[in-house]
Amino acid sequence: GDVFASADMGNPLALTRQGKAGTVVLFARNHLCAIVRPGFNATPENILTKMLDPAIKIGTATPGNDPGGDYAWGVFKKADAQRPGSRATLEEKAIKIGNVAGSTPVPPSATNAVAWAFKEKRVDIFLSYCTGGRSVAAELPGVATVALPRALAVEANYGLTLLTAGNENRAAQFAFYILSPAGQKILADHGFDAPLLPTM
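Residues numbered from 1 in each chain as written. Predicted model: local features only at pLDDT ≥ 70, side-chain atom pairs only at ≥ 80, totals over all residues. Heavy atoms only, no water.

Trainee: So what's going on with the state of the cysteines? Which residues, and what values?
Mentor: All told, the structure shown has 1 disulfide when counted by the stated rule. Between the sulfur atoms of Cys33 and its disulfide mate Cys130 the distance is 2.0 Å. One disulfide, between Cys33 and Cys130, carries an S-S torsion of 85 degrees and so falls in the right-handed class. You can see Cys33 sitting in strand S2 (residues 21–36) and its partner Cys130 sitting in the loop between strand S5 (125–129) and helix H6 (133–139), a full 97 residues away along the chain. Given the relative accessible area of 5%, Cys33 is considered buried. (Disulfide = S-S within 2.5 Å. Helix = DSSP H or I, 4+ residues; strand = E, 2+ residues; numbered from the N terminus. Buried < 20%, exposed > 50% of the residue type's maximum accessible area, 1.4 Å probe, protein only.)

Laid out in structure tokens, this is it:
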């Protein structure tokens, strides 16, 4: 491929440092939310209490392998400032979902990993991108997306870069389209914060 887009800034910046890519630009933002199983009542005000409840199972993507998991661990770190000891409790109880070592594998037949985890009663809460809640709810009606309170909020900055090998001209055209008002509007229409969308 000619363009590398990531749900974080770190991966594209690493390619730039290795001389494999050019400048990295921020092209979208997202936020972490608590996606909760059908019938699970949670609010931004009580979500930390719910997450710390020993009977409640929390799922995340795998940190170090998926930026979503890294962001979830960022929420746990922020929780420690609210309630000392929370970080260790949350990290210990988190169920990492993914197809890498140390994670609960998702069967190939699953079309949505989070919906699968809810259906299998493996988790009650899944910390994920707010934009992901829609696809989970589409597969499993009754799923809710709960915003995290400001004290726990984690913003995901998405980075875009052009790889140095390949046809930079076409890649540049595509990248600039994403960064253009038309491309930013498409991102905004799908629930992302589009930082380059002009304000009118």
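Trainee: Account for the packing of helix H3 (residues 67–82) against helix H4 (residues 86–93), naming residues and giving values.
Mentor: Two elements in contact, H3 and H4, have axes separated by 7 Å at closest approach and are oriented at 150 degrees. What the angle tells us is that H3 and H4 run roughly antiparallel. Residue-level contacts link Trp73, Phe76, Lys77, Ala79 and Asp80 of H3 to Ser86, Arg87, Leu90 and Glu91 of H4. Residue composition of the contact of H3 with H4, grouped by class: 4 nonpolar, 1 polar and 4 charged. (Axes fitted to C-alpha atoms, helices over the stretch in contact; angles between N-to-C directions. Parallel < 35°, antiparallel > 145°, perpendicular 65-115°, else oblique. Contact = heavy atoms within 4.5 Å. Nonpolar A, V, L, I, M, F, W, Y, C, P; charged D, E, K, R; others polar.)

Trainee: Please provide a residue-by-residue account of the environment of Arg150, values included.
Mentor: When you line up the elements, Arg150 lands in the loop between strand S6 (144–147) and strand S7 (155–163). Along the chain, Arg150 and Ile178 lie 28 residues apart, while their C-alpha atoms are 29 Å from each other.

Trainee: Outline helix H8 (residues 181–189), supporting the account with residue identities and numerical values.
Mentor: For H8, the set of buried residues is Gly183, Gln184 and Leu187. Burial along H8 is one-sided: seen end-on, the buried residues are contained in an arc of 100 degrees. One or two positions beyond H8, positive phi appears at Gly191, with a value near 95 degrees. (Arc of directions from axis to C-beta.)

Trainee: Describe H3, with residues and values.
Mentor: In this model, H3 (16 residues) spans 23 Å end to end at C-alpha, consistent with the 22 Å of a helix rising 1.5 Å per residue. Listed as buried for H3 are Pro67, Gly68, Gly69, Tyr71, Ala72, Trp73, Val75, Phe76 and Ala79. Sitting at the head of H3, Asp66 places a side-chain oxygen 2.7 Å from the backbone nitrogen of Gly68. (Expected span 1.5 Å × (residues − 1). Polar contact = N/O pair within 3.5 Å; in protein donor to acceptor, adjacent residues only side chain to side chain.)

Trainee: So what about the packing of aromatic side chains? Which residues, and what values?
Mentor: A full pass over the atoms with the stated rule returns 5 aromatic pairs. Between the aromatic rings of Tyr71 and Tyr129, the centroid separation amounts to 6.1 Å while the plane-to-plane angle is 70 degrees, which identifies the pairing as edge-to-face. Separated by 58 residues along the polypeptide, Tyr71 in helix H3 and Tyr129 in strand S5 bring together distant segments of the chain. The class for Tyr71 is buried, based on a relative accessible area of 14%. Considering the side-chain rings of Tyr158 and Phe192, the 5.6 Å spacing of their centres and the 70 degrees angle between planes classify their relative orientation as edge-to-face. Remark: Phe192 occurs in the segment after H8 and Tyr158 occurs in strand S7; sequence separation between them is 34 residues. Residue classification places Tyr158 among the buried positions, given a relative accessible area of 9%. Ring-pair connections join several aromatic residues into one group, and the members of that group are Phe27, Tyr71, Tyr129, Tyr158 and Phe192. Geometry around Phe40 places Lys50 over its ring, the cationic atom sitting 5.3 Å from the centre. (Phe/Tyr/Trp six-rings, centres within 6.5 Å; stacked < 30°, edge-to-face > 60°. Lys NZ or Arg CZ within 6 Å of the ring centre and 35° of its normal.)

Trainee: Report on the environment of Ser103, specifying residues and quantitative values.
Mentor: Take Ser103: it is sitting in the loop between strand S4 (95–96) and helix H5 (113–119). Note: C-alpha distance between Ser103 and Ala61 (42 residues apart in sequence) is 8.5 Å. Those residues in contact with Ser103 that sit more than four places away from it in its chain are Thr62, Lys96, Ile97 and Gly98.

Trainee: Describe the side chain of Thr104, and please don't skip the residues or the numbers.
Mentor: With respect to the helices and strands, Thr104 occurs in the loop between S4 and H5. Contacts of Thr104, omitting those with residues within four sequence positions, involve Ile95, Lys96, Ile97, Gly98, Trp116 and Arg122.

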